[in-house]
Amino acid sequence: LHDTELMQTAPNPHCRECYDTFLDSLVDKSLDMAVILGWHLRTTGSDENVVRAVCLGALLHDVGLLLVPEFILEKTSQLTNAERREINRHPYLGSRALSPLKGEIPKLSRDIILLHHERDDGKGYPLRRSGKGIPDHVQLAHILADYTALMCQRPYRKAYSPHHAIR
């Protein structure tokens with residue numbers, strides 16, 4: 001915990017059930033994303049190596065969340081600015097954690113892991129890329145990550161219906 005404000009935040013009492021629910025949701029969301037991306041890419045005639053790489057990126061896209069302190073992930077109220085900054089580091093943390101496997105993980109997968117929260121308008125994170133600086137497969141992964149996140153219940157809101165999430 002490098003952030004002074006974050007260090008002053010009192011951790012929640014440990015909630016194993018909350019964290020287990022978070023992990024279940026993370027796995028479900030990643031699997032959903034991989035299945036939908038794989039289906040889409042196959043139906044549009046993408047090369048099988050691209051399909052595999054993008055699906056692997058989808059499965060690993062939020063691995064950096066495992067490096068965020070549990071008390072932040074378990075929090076049921078609004079995040080502080082410091083906690084939000086810590087959450088926003090997860091693409092970088094995941095990319096860095098997997099960097100020893102760089103030769104084993106295709107670039108398409110690594111791009112999804114690092115860039116899946118970048119936005120076309122440059123207001124995303126962690127690198128604030130915009131437009132053509134974001135590969136097409138990453139933009140598609142971003143849309144699906146948002147969609148699957150909206151479909152998951154959060155402590156501070158109910159899950160969206162598929163129709164509402166698409167809208």
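The structure displayed is predicted, hence computed values, not measured ones. (Residues numbered from 1 in each chain as written. Predicted model: local features only at pLDDT ≥ 70, side-chain atom pairs only at ≥ 80, totals over all residues. Heavy atoms only, no water.)

**Brief notes about the overall build of the chain**
- Secondary structure assignment for the chain yields nine helices and zero strands.
- Along the chain, helices and strands appear, N-terminal first, in the series α-α-α-α-α-α-α-α-α.
- Sorting the 167 residues of the chain into buried and exposed places 37% on the buried side.
- Partitioning the intrachain contacts of the chain with sequence separation of at least 6 by distance along the chain shows that 61% fall at a separation of at least 24.
- Of the roughly 9,900 Å² of accessible surface on the chain, 55% is carried by carbon and sulfur atoms. (Helix = DSSP H or I, 4+ residues; strand = E, 2+ residues; numbered from the N terminus. Buried < 20%, exposed > 50% of the residue type's maximum accessible area, 1.4 Å probe, protein only. Contact = heavy atoms within 4.5 Å. Areas by Shrake-Rupley, 256 points an atom, 1.4 Å probe, with all protein chains shown as cover.)

**What about helix 5 (residues 81-88)?**
- Listed as buried for helix 5 are A82, E83, E86 and I87. Buried residues in helix 5, looked at end-on, bunch into an arc of 140°, giving them a common side. (Arc of directions from axis to C-beta.)

**Let's talk about the environment of I87**
- When you line up the elements, I87 lands in helix 5.
- Taking relative accessible area as the criterion, I87 reaches 11% and is therefore assigned buried.
- I87 sits 18 residues away from P69 along the chain, and the two C-alpha atoms are 9.0 Å apart.
- Here I87 is in contact with L65, V68, I72, L73 and L79, once residues within four sequence places are set aside.

**Quick word on the pattern of salt bridges**
- Scanning the model with the defined rule gives six salt bridges in all.
- Across the salt bridge formed by K29 and D62, the nearest N and O atoms sit 3.0 Å from each other. Here K29, found in helix 2 (residues 16-43), pairs with D62, found in the loop between helix 3 (48-60) and helix 4 (70-73); they are 33 residues apart in sequence, far enough to count as distant. The residues K29 and D62 share a single accessibility class, namely buried.
- Measuring nitrogen to oxygen at the nearest pair gives 2.6 Å for the salt bridge that ties K75 to E83. The pair K75 / E83 is uniform in exposure class, with both members buried. (Salt bridge = Lys/Arg side-chain N within 4 Å of Asp/Glu carboxyl O.)

**A short note on a nonpolar patch on the surface**
- A cluster of nonpolar residues, V27, L31 and L59, forms a patch on the protein surface that exposes about 250 Å² of accessible area.
- Inspection of the secondary structure puts V27 in helix 2.
- Judged by relative accessible area, V27 falls into the partly exposed class, the value being 47%. (Patch = residues over 30% accessible without salt bridge, like charges linked within 9 Å, V, L, I, M, F, W, Y side chains within 5 Å.)

**Side note on helix 3**
- In this model helix 3 runs 18 Å from its N-terminal to its C-terminal C-alpha over 13 residues, within 8% of the 18 Å that 1.5 Å per residue would give.
- The complete set of buried residues in helix 3 reads V51, A53, V54, C55, G57 and A58.
- Where helix 3 begins, the side chain of D47 points an oxygen toward the backbone nitrogen of N49, at a separation of 2.9 Å. (Expected span 1.5 Å × (residues − 1). Polar contact = N/O pair within 3.5 Å; in protein donor to acceptor, adjacent residues only side chain to side chain.)

**A few points about the confidence of the model for the chain**
- The predicted model of the chain has a mean per-residue pLDDT of 87, with 88% of residues at 70 or higher.
- In this model, residues 10-14 is a region of pLDDT below 50 whose contacts with residues beyond four sequence positions or in other chains number seven contacts. (pLDDT = per-residue confidence, 0-100.)

**Observations regarding the environment of G38**
- Here G38 lies in helix 2.
- For G38, a relative accessible area of 4% corresponds to the buried category.
- Counting along the chain gives 18 residues from G38 to L56, while the straight-line C-alpha distance between them is 9.7 Å.
- The contact partners of G38, leaving out residues within four places of it in the chain, are V51 and C55.

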